[in-house]
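# Working through the structure, step by step
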Amino acid sequence: MTAFFQNTIGLPYGWAWFVATIVGILVIALPLMLAVAMIIYADRKIWAAMALRRGPNVVGPLGLLQSFADGLKVFLQETIIPSSANKGLFLLAPIITFTVALIVWAVIPFQAGVVLSNINVGLLYILAASSLGVYGIILAGWSSNSKYPFYSAIRAAAQMVSYEVSIGFVLISVILWAGTFNLSGIVEAQQGHVLGFLNGFGFNPLLFPLAVVFLISALAETARAPFDLTEAESELVAGYQTEYSSMAFALYWLGEYANVILMCTLNAVLFWGGYLPPVDWAPLYMVPGILWLFAKILFFFFIFSWVKATVPRYRYDQLMRLGWKIFLPLSLIFVFLVSGWLMFQRVGLPA
Amino acid sequence: MIQILAFYLFAAVVVASAAMTILARNPVHSVLWLILAFFNAAGLMVIAGAEFIAMLLVIVYVGAVAVLFLFVVMMLNIDFAELRAGVMRYAAIGVALAVALAAEIVIAVGAWSAGGLELGRRIAPIDESVPNIEAVGQLLYTRYLFVFEAAGLVLLVAMIGAIVLTHRQRSDVRPQNISRQINRRSKDATRNMNPAVGQGVEL
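## Considerations on the environment of Phe271 of chain A
Residue and element names in this part refer to chain A. Relative to the helices and strands, Phe271 resides in helix H10 (residues 246-271). On the basis of relative accessible area, Phe271 is assigned to the buried category, the value being 0%. Put simply, Phe271 and Phe203 are 68 residues apart on the chain and 8.1 Å apart in space, counted from C-alpha to C-alpha. Phe271 has contacts with Val170, Val174, Gln190, Gly200, Phe201, Gly202, Leu207, Leu210, Ala211, Phe214 and Leu266, leaving out every residue within four places of it along the chain.

## Details of the side chain of Ser305 of chain A
All names here are of chain A. As for its placement among the helices and strands, Ser305 is situated in helix H11 (residues 289-310). Classification of Ser305 by relative accessible area gives buried; the value is 1%. When neighbours within four sequence positions are excluded, Ser305 is seen to be in contact with Asp43, Ile46 and Arg224.

## Overview of empty space enclosed by the protein
Residue and element names in this part refer to chain A. Applying the stated rule across the entire model yields 3 cavities of 30 Å³ or more. Of the voids in this model, the largest cavity is the one considered here, and its volume is about 250 Å³. Listed by contribution, the elements that provide at least two residues to the lining of the largest cavity are helix H4 (87-103), helix H5 (122-143) and H10. In terms of residue count, H10 provides more of the lining of the largest cavity than any other element does, 6 residues in total. By residue class, the composition of the lining of the largest cavity is 9 nonpolar, 6 polar and 2 charged. Space inside the second largest cavity adds up to approximately 90 Å³. Along the walls of the second largest cavity sit 13 residues, with Ile126, Ser130, Ile167, Met263 and Leu266 positioned nearest its centre. Elements that contribute at least two residues to the lining of the second largest cavity include exactly H5, helix H6 (147-178), helix H8 (208-221) and H10. Residue composition of the lining of the second largest cavity, grouped by class: 10 nonpolar, 1 polar and 2 charged.

## Topic: the interface of chain A and chain B
Contacts between the two partners involve 25 residues from chain A and, on the opposite side, 24 residues from chain B. Carbon and sulfur atoms supply 79% of the area that chain A and chain B bury against each other, a total of about 2,100 Å² over both sides. For chain A, the biggest contributors to the area lost against chain B are Leu124, Tyr135 and Trp142 of chain A; these three give 25% of the whole. For the interface between chain A and chain B, the tally reads 0 salt bridges. Summed over the shared surface of chain A and chain B, the number is 3 residue pairs in polar contact (both at pLDDT 80 or more). Counting only elements with at least two residues in the side of chain A that touches chain B, the list comes to H5, H6 and helix H12 (316-345) of chain A. The biggest single contributor to the side of chain A that touches chain B is H5 of chain A, with 11 residues.

## Looking at unusual backbone geometry
Residues and elements named next belong to chain A. In the Ramachandran plot, Asn145 falls in the positive-phi region, its phi being about 55° despite a non-glycine side chain. When you line up the elements, Asn145 lands in the loop between H5 and H6. In the Ramachandran plot, Ala223 falls in the positive-phi region, its phi being about 55° despite a non-glycine side chain. Inspection of the secondary structure puts Ala223 in the loop between H8 and helix H9 (233-236). Classification of Ala223 as buried rests on a relative accessible area of 18%.

Definitions and cut-offs
- Residues numbered from 1 in each chain as written.
- Chains lettered and ligands numbered in written order.
- Predicted model: local features only at pLDDT ≥ 70, side-chain atom pairs only at ≥ 80, totals over all residues.
- Heavy atoms only, no water.
- Helix = DSSP H or I, 4+ residues; strand = E, 2+ residues; numbered from the N terminus.
- Buried < 20%, exposed > 50% of the residue type's maximum accessible area, 1.4 Å probe, protein only.
- Contact = heavy atoms within 4.5 Å.
- 1 Å grid on protein atoms, 1.4 Å probe; cavity = no way out; pocket = protein on both sides within 12 Å on 5 of 7 lines; lining within 4 Å.
- Points joined across faces, edges and corners; volume = space filled by probe spheres on them.
- Nonpolar A, V, L, I, M, F, W, Y, C, P; charged D, E, K, R; others polar.
- Buried area = accessible area lost by both parts, 1.4 Å probe.
- Salt bridge = Lys/Arg side-chain N within 4 Å of Asp/Glu carboxyl O.
- Polar contact = N/O pair within 3.5 Å; in protein donor to acceptor, adjacent residues only side chain to side chain.

Here it is as structure tokens:
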């Protein structure tokens, strides 16, 4: 795109790069917001169908405009700031959550070569950005100056930090196999990975358990059911967002769902071939890669919704036990197994 | 051009937020300024071409260490009057530290303007095209292997020490046995009785 602005429009390189980057950001961020609106609708519809209800069906055809109506509603409400809240931090917290949920998309490859920023530490960048996400929640809890948000913030922070550990080890196994931190490189490494025709690390028996661990950790990382203890209605009102209203509340909502879509995308990119078709067969490549990626994202989002509709909420000690006593040792063992297998294959080869 | 702008932006924010870290009255604000300083230091490292270190700085310090700081500080019950009373008591030590730091800065500036220190050739010149991560890995796992593993051992000892110091055997609690809970079936816990009228149930 930089070349387009440089040659066709005739800007100098610096400006061409700048404009191209801004356009790239908008091309990703605006459809993402639309996707969040539609995915909230899809979530409610799936959830309703599993509970034998109709779900949103009043606003627009089939209720398709429900999310936009909700958005308009919160937009028109008054922003209430509690009198004893720490005002600056109170307003900063949702902005952090929302921003962090958006910046991660910079390194996601949507198709071969279609990525905003093709950096060679892509996966580390994702880890770094997602570790920033804790602050949006912790600050909200503290600055609200209210009991329930504070409890919820502490729960959320402990939960996110715990599950990031096992996610980190899962990612290390993927990186070991792919040999690169670059997300496009990871996707390319999955072409014909199993038996020469299955595209995806997830089909590999050594990596499939890790794909499952990653999916469950992703649920915990985004605080979705059954790990939504941070906003357990029966205990904590609405969790860390209790004191929030209007746009600040909407920013949390948008950020949360953008994170959910991101985690679905990461599942697809890291384990199930990203923009590659599931089988390495030439006619399947006629379909644009971005459609394969979207199909995989939607599939994983359906799993997220399905879990939310059917699995009862964990108790907090069970959540911590799952993270530290099961996933952490399991992912460590698999890092050991994966690196052992990779070394075993190199026995006798020149270094 | 943009590198220079970015450098001055990051550097200015690092210095300013470091100053705010010690000037902020509220300890939570202090920690948040510290986090901003970490973050901008990571930006400086990206400019210097050390993207791996920059990402690690954000993941480890911002993502984990600073969260723990924030946890501890948030739990503190701060009495501002007492804090201010303490200022005069520690004034002497504070002034001594400030003088020492100022002297060090003067010496550092003097040494810097006297010219670079020749440390001989760089220990391991690395090709520009090799990515950061590979370069660090190649050095860590060849030349510095023993130092690296010794550092790992030190951390392991520290971890075990922390566990030993805080672990205590409690006899007054009944811990859950998760596998027993999961393996428990309804027929182990309940009985279906059909008592005759007026007889009741024997437990």
